[in-house]
Amino acid sequence: MSDKVFVKAENLYESMHVGEDIKNRLGQSLLVSGAVLTDSRIQSLIKKGYGGVYVSEGLEKKVEESKRLVERGEKDAYVGFEVAEEALRQIDTKTKDDPTSVFFDSQIKERISKGIEYIYNNVGTPEMDNAVNSITNDIIGAIDSNKAIAINLSEIKASDEYTFKHSVDVATMALLLARYRNFSESQMHDIGIAALLHDIGKTRIPDCILNKPGKLSETEFEVMKLHSVYSYEILKNTSSYNNAICSATLQHHEKMDGSGYPYGLKRKEIFSYAKLISVADIYDALVTDRPYKKAIPAGMAVEIMMAMGDELDIPSFKAFMQSVILYPSGSIVLLSNGEIATVVENIPSVPLRPTVVSLASGQVYNLSADRNCSGIIIMDIIKS
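What you see is a predicted model, and the numbers here were worked out from it, not measured in a lab.

Visitor: Sorry if this is basic, but what is going on with the side chain of Asp 281 here?
Guide: Secondary-structure assignment places Asp 281 in helix H12 (residues 272-286). Although Asp 281 is buried, it makes no salt bridge; Lys 202 carries the closest opposite charge, 6.4 Å away. A polar atom in the side chain of Asp 281 sits 3.3 Å from the side chain of His 198. Discounting residues that sit within four places of it in the chain, Asp 281 has contacts with His 166, Val 170, His 198, His 252 and His 253.

Visitor: I would appreciate a short explanation of the environment of Met 128 in the present structure.
Guide: Mapped onto the elements of the fold, Met 128 is located in helix H5 (residues 126-145). Here the alpha-carbon distance between Met 128 and Ile 116, two residues 12 residues apart in the chain, equals 9.0 Å. Beyond its immediate stretch of four places on either side in the chain, Met 128 contacts Ile 119, Asn 122, Val 123, Leu 197, Leu 235 and Tyr 241.

Visitor: Could you clarify how one ought to interpret the sheet that holds strand E7 (residues 355-358) in this entry?
Guide: For sheets, the rule is that strands pair by backbone hydrogen bonds, running either parallel or antiparallel. On the basis of which strands lie adjacent, the open sheet formed by 5 strands has the order E8-E7-E6-E5-E9 and antiparallel pairing. With partners counted over all chains shown, the strands left at the sheet margins are strand E8 (364-366) and strand E9 (378-383), one partner each. Taken pair by pair, the neighbouring strands of this sheet meet at an average axis angle of 35°, ignoring direction. Both strand E6 (residues 340-345) and E7 contribute to a ladder of 4 bridges, which runs antiparallel. Opposite Glu 345, over in E7, you have Thr 355 as the bridge partner. Most of the contacts of helix H3 (residues 85-94) go to E7, to which it runs at about 160°, and overall it touches E6, E7 and E8.

Visitor: What's the story with the packing of aromatic side chains in this structure? I'm lost.
Guide: Centre distance and the angle of the planes are the two values used to describe a pair of aromatic rings. This model, assessed by the stated rule, comprises 5 aromatic pairs. Seen in terms of ring centroids, Phe 271 and Tyr 273 are 4.7 Å apart; in terms of plane orientation they differ by 80°. Their pairing is edge-to-face. In textbook terms, an aromatic cluster arises when at least three aromatic residues are bridged by ring pairs, as seen for Phe 183, Phe 271 and Tyr 273.

Rules and cut-offs
- Residues numbered from 1 in each chain as written.
- Predicted model: local features only at pLDDT ≥ 70, side-chain atom pairs only at ≥ 80, totals over all residues.
- Heavy atoms only, no water.
- Helix = DSSP H or I, 4+ residues; strand = E, 2+ residues; numbered from the N terminus.
- Buried < 20%, exposed > 50% of the residue type's maximum accessible area, 1.4 Å probe, protein only.
- Lys, Arg positive; Asp, Glu negative; His and termini not counted.
- Salt bridge = Lys/Arg side-chain N within 4 Å of Asp/Glu carboxyl O.
- Polar contact = N/O pair within 3.5 Å; in protein donor to acceptor, adjacent residues only side chain to side chain.
- Contact = heavy atoms within 4.5 Å.
- Pairing = 2+ DSSP bridges.
- Axes fitted to C-alpha atoms, helices over the stretch in contact; angles between N-to-C directions.
- Phe/Tyr/Trp six-rings, centres within 6.5 Å; stacked < 30°, edge-to-face > 60°.

Set out below in structure tokens:
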């Protein structure tokens with residue numbers, strides 16, 4: 001296990017790992033050992049008067065070095081760590097395949113990538129409409145062809161460009177959630193179209209705001225928030241999209257508690273398609289690099305969404321938790337107790353807490369059900 005070192009609050013930085021539980025005066029844990037520090041968590045600790053905290057020294061370097069060696073092909077499937085015989089036995093007997101996830105073959109990926117780029121270069125034209133329908137059918141076909149019930153985002157990347165990738169990721173997730181919630185085929189088709197086009201209004205946002213490398217000013221953010229209204233207007237000005245599709249693009253940033261935009265709608269006022277798209281949109285935005293922020297780990301993204309509480313539609317979020325695969329079976333992960341482990345089974349509805357096997361000892365950690373494992377979390381994924 002890595003050594004702990006005390007770091008003053010003003011010297012803390014994002015990606016550091018907490019070295020021991022941080023508790024308040026009542027003895028309640030604010031952050032458990034192994035938790036990853038974010039800017040908001042650091043600022044919260046400073047506001048609460050913490051002069052500093054213990055962090056796990058060396059864990060970040062250990063993970064990054066392992067990743068670099070894997071990328072260069074210098075380490076095997078277990079990234080060069082010594083693997084106990086008992087670990088191999090447990091991995092062999094306890095590994096279970098993940099639920100079938102959405103898969104795009106190379107031809108479909110290429111077709112989708114070209115199609116989504118074509119859409120953004122032909123906004124408001126009949127050609128755009130044809131491309132949207134074609135891509136939606138491709139995604140639904142990929143879900144249907146292998147009876148997919150889960151999504152592993154690392155497998156569906158269709159483009160390196162953010163807007164294109166984001167649109168396809170959100171559409172794929174939203175469609176899978178819609179299937180889980182038993183929406184009809186015609187409803188799914190509408191949801192797919194709305195999700196693909198939910199950000200089409202960003203074509204009207206100035207590039208200096210859309211791709212600004214720093215935080216937006218209040219005035220700039222007000223301009224950015226207009227993109228959902230612009231999406232609605234673009235679709236409404238054609239005869240190809242029904243009111244359900246147009247409403248979903250307009251409302252995809254509304255929140256259940258009324259804290260969203262553009263109109264501060266609440267619960268029943270928000271169209272059902274928008275509730276699905278919102279969950280997918282928030283997750284994908286968190287785990288994707290943008291000019292103004294780095295992507296955060298998938299597990300941390302889910303933690304943030306869980307903390308959003310009343311902001312998200314509960315049935316849509318439950319469907320998301322049932323569907324998303326954060327740590328595919330066979331992934332190599334770093335645990336908060338300093339051990340390297342491999343994932344052997346994902347548990348439906350608790351994607352943050354799979355069952356893992358320690359490579360060094362062969363010990364099985366059932367993170368979802370064993371109370372003795374309640375203080376152990378997955379801190380990072382080394383290799384998927």
